[in-house]
Amino acid sequence: SENTYLCQIYNLTLLCMEDYIVEPQSVQFLVQHGFDFNKQYSQGIPYHKGNDKGNENQSQSVRTFFLELIRAKKPLVLHNGLIDLVFLYQCFYAHLPDSLGTFTADLSEMFPAGIYDTKYASEFETRFVASYLEYAYKKCKRENCKLKDSSGQHLTVEFCSYPANMSRYIDYRHCSLEEESHSVGAGNKVPVCEKFSAYGWCPKGVKCPQSHNIDLIIDEDDKLWEEKRKKRKHKWKRRKNTGEPAKAFEQESSGKEVELAQNGEEGPPRKQSCFEPAAATEVAEITPNSEGRPLEENSMDTEPETEAACAAEEQKETHGPPSHGGTHRAGFDAFMTGYIMAYVWMLKKGKNMDTGAEPWLPDCHNKLYLSGKSVPLQIVKSLFSKSSKAHSQKMKLAWASG
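By the naming in an unreviewed UniProt entry, the protein goes by Target of EGR1 protein 1 and is assigned to Aptenodytes patagonicus. Per its UniProt entry, the protein bears the Sequence similarities (unreviewed entry) comment "Belongs to the CAF1 family."

Asks: Would you explain the overall build of the protein in this entry?
Replies: A count of helices and strands for the protein gives 14 helices and 10 strands. Expressed as a percentage of its 402 residues, the buried residues of the protein come to 47%. Excluding contacts between residues fewer than 6 apart, the proportion of contacts in the protein whose partners are at least 24 apart in sequence is 75%. Only carbon and sulfur atoms are counted for the fraction: they give 53% of the accessible area of the protein, which is about 21,800 Å².

Asks: Please clarify how the packing of aromatic side chains should be interpreted in this entry.
Replies: One pair of aromatic rings is described through two measures. These are the centre distance and the angle between the planes. Overall, the coordinates contain 15 aromatic pairs when judged by the stated rule. On the basis of an interplanar angle of 65 degrees and a centroid distance of 5.1 Å, the ring pair of tyrosine 89 and tyrosine 93 is categorised as edge-to-face. We note that tyrosine 89, like tyrosine 93, is buried. With 6.1 Å between their ring centres and 70 degrees between their planes, tyrosine 132 and phenylalanine 196 make a pair best called edge-to-face. Taken as a pair, tyrosine 132 in the loop between α6 (118-124) and α7 (133-149) and phenylalanine 196 in helix α9 (residues 194-199) lie far apart in primary sequence, 64 residues in all. Each member of the pair, tyrosine 132 together with phenylalanine 196, is buried. Three or more aromatic residues joined by ring pairs make a cluster, and in this case those are Tyr47, Phe66, Phe87, Tyr89, Phe92, Tyr93, Phe103 and Phe111. One residue, lysine 119, lies across the ring of tyrosine 369, its end atom 4.9 Å from the ring centre.

Asks: Help me out: how do you make sense of the state of the cysteines in this one?
Replies: Applying the stated criterion across every chain, the model contains 0 disulfides. In this model cysteine 91 remains outside any disulfide bridge; the closest cysteine sulfur is found in cysteine 16, 6.2 Å from its own. Taking the relative accessible area as the measure of exposure, cysteine 91 reaches 0% and is therefore buried.

Asks: Which parts of the structure should I look at to understand helix α5 (residues 100-110)?
Replies: Along an α-helix, residues three or four positions apart point the same way, because every turn accommodates 3.6 residues. Taking burial as the measure, the 11 residues of α5 include 8 buried ones, the bulk of the element. Restricting attention to buried positions, one finds in α5 the residues Thr102, Phe103, Thr104, Ala105, Asp106, Leu107, Ser108 and Met110. The inward-facing, buried residues of α5 abut α3 (62-71), α4 (82-92), β5 (115-117), β10 (377-378) and α14 (389-400).

Asks: Would you mind going over the pattern of salt bridges with me for this structure?
Replies: Where charged atoms from two side chains of opposite charge approach closely, those side chains can pair. With the rule as written, the count across this model stands at 13 salt bridges. Among the salt bridges present, the one from lysine 394 reaches aspartate 52, with a minimum N-O distance of 3.0 Å. Of this pair, lysine 394 sits in helix α14 while aspartate 52 sits in the loop between β3 (45-47) and α3, placing them 342 residues apart in sequence. As a salt-bridge pair, arginine 142 and aspartate 215 come within 3.7 Å of each other at their nearest N and O atoms. Placement of arginine 142 in helix α7 and of aspartate 215 in helix α10 (residues 214-242) is noted, with a sequence separation of 73 residues between them. On the accessibility criterion, arginine 142 (11% relative accessible area) is buried. For aspartate 215, a relative accessible area of 0% gives the class buried.

Asks: Help me understand the nonpolar core, please; the structure alone is not making it clear to me.
Replies: The nonpolar side chains of a soluble globular protein tend to be buried, and buried together. Grouped together as the largest cluster of nonpolar side chains are 38 residues, with contacts concentrated most on Tyr132, Tyr135, Phe196, Ile217, Phe335, Ile340 and Leu361. Elements supplying a minimum of two residues to this core: α6, α7, α10 and α13 (330-349). Of all the elements, α13 adds the most residues to this core, at 10 residues. Among the nonpolar cores identified, the runner-up in size contains 27 residues, and Phe66, Leu67, Leu107 and Ile379 belong to it.

Criteria and cut-off values
- Residues numbered from 1 in each chain as written.
- Predicted model: local features only at pLDDT ≥ 70, side-chain atom pairs only at ≥ 80, totals over all residues.
- Heavy atoms only, no water.
- UniProt positions renumbered as here; feature names shortened; annotations may be inferred.
- Helix = DSSP H or I, 4+ residues; strand = E, 2+ residues; numbered from the N terminus.
- Buried < 20%, exposed > 50% of the residue type's maximum accessible area, 1.4 Å probe, protein only.
- Contact = heavy atoms within 4.5 Å.
- Areas by Shrake-Rupley, 256 points an atom, 1.4 Å probe, with all protein chains shown as cover.
- Phe/Tyr/Trp six-rings, centres within 6.5 Å; stacked < 30°, edge-to-face > 60°.
- Lys NZ or Arg CZ within 6 Å of the ring centre and 35° of its normal.
- Disulfide = S-S within 2.5 Å.
- Salt bridge = Lys/Arg side-chain N within 4 Å of Asp/Glu carboxyl O.
- Core = buried A, V, L, I, M, F, W, Y, C linked by side-chain atoms within 4.5 Å.

In structure tokens form, the structure reads like this:
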């Protein structure tokens, strides 16, 4: 029973009351994934950026709600969360500090139970060959099903049973182990889109003629990984018999270096793709969050919040009609992030970790993924950094009325 989680996912549709810039590509992406701009502009909860204007604690606003999250002193879990933290801080808390050291010092005090990044966990703890959100979620789910089938320790997910009068507020998404289009795509031999496979994002979007099916992508990765494993095993036996020194890397006939991901190596495994280095750099600049959505969606100039949603995992769930559009919705993303974190925690806990030890998950505690880096950003208050003045005032407000 200790590995059964009750899940409730909430979406708040917000509206920035200050002028901001949106880019057509970002708007198109949001529309493709079901975002309702009419609802945002007609019913969105208003908010302003920067420091408080007046006594925010007396008003029922999103800034007051954010203070409640700080007062709760619970771990904060995000996926590739650096930009999200910048967004949350600037829009619902205070003006951003001038230095990174001050920013991380403030965050360490705002969330004393720790900040956890599932993208970091996916690359450095579970060591997946790709770590964008939907890939990591489906990979965790597959591995969890294997544990269940082998009677090992595993996660189970239970959703709330909501009354009929709440049905219009809830959005269900079918998410079986393998999507229905999986077998269809395999039968038609539709090639996997290399860009989407590597980064979870493709500039052609729904118009791309190649497959964006995560199940097919994972199938290909698992097949390639198994082939490499067998090849490594064969080479290791040969070297053992001939006395050749072991090598961590090998050269393909094309001259490209292929990293053999092993548990003992430094840094995460990197997915092999068809890109030349320059092309990969270009994509990384367009989508540094690598989560299947342009950076502009999570930037300070656009509003990524979507409408009310909930997720349904089992095929037998028929509480409401299936929603249309892509999988990237705030509620679904939140659920997938939570599932990945629960899975990683379960794996770590399964290794006889002291469940009462602090922090909650030491290997991922206060470590934010940094694109292209083999080391994370540590959320700590150094001896050389002070908290910002605006943050100190907010903390006084939080605990004076908490």
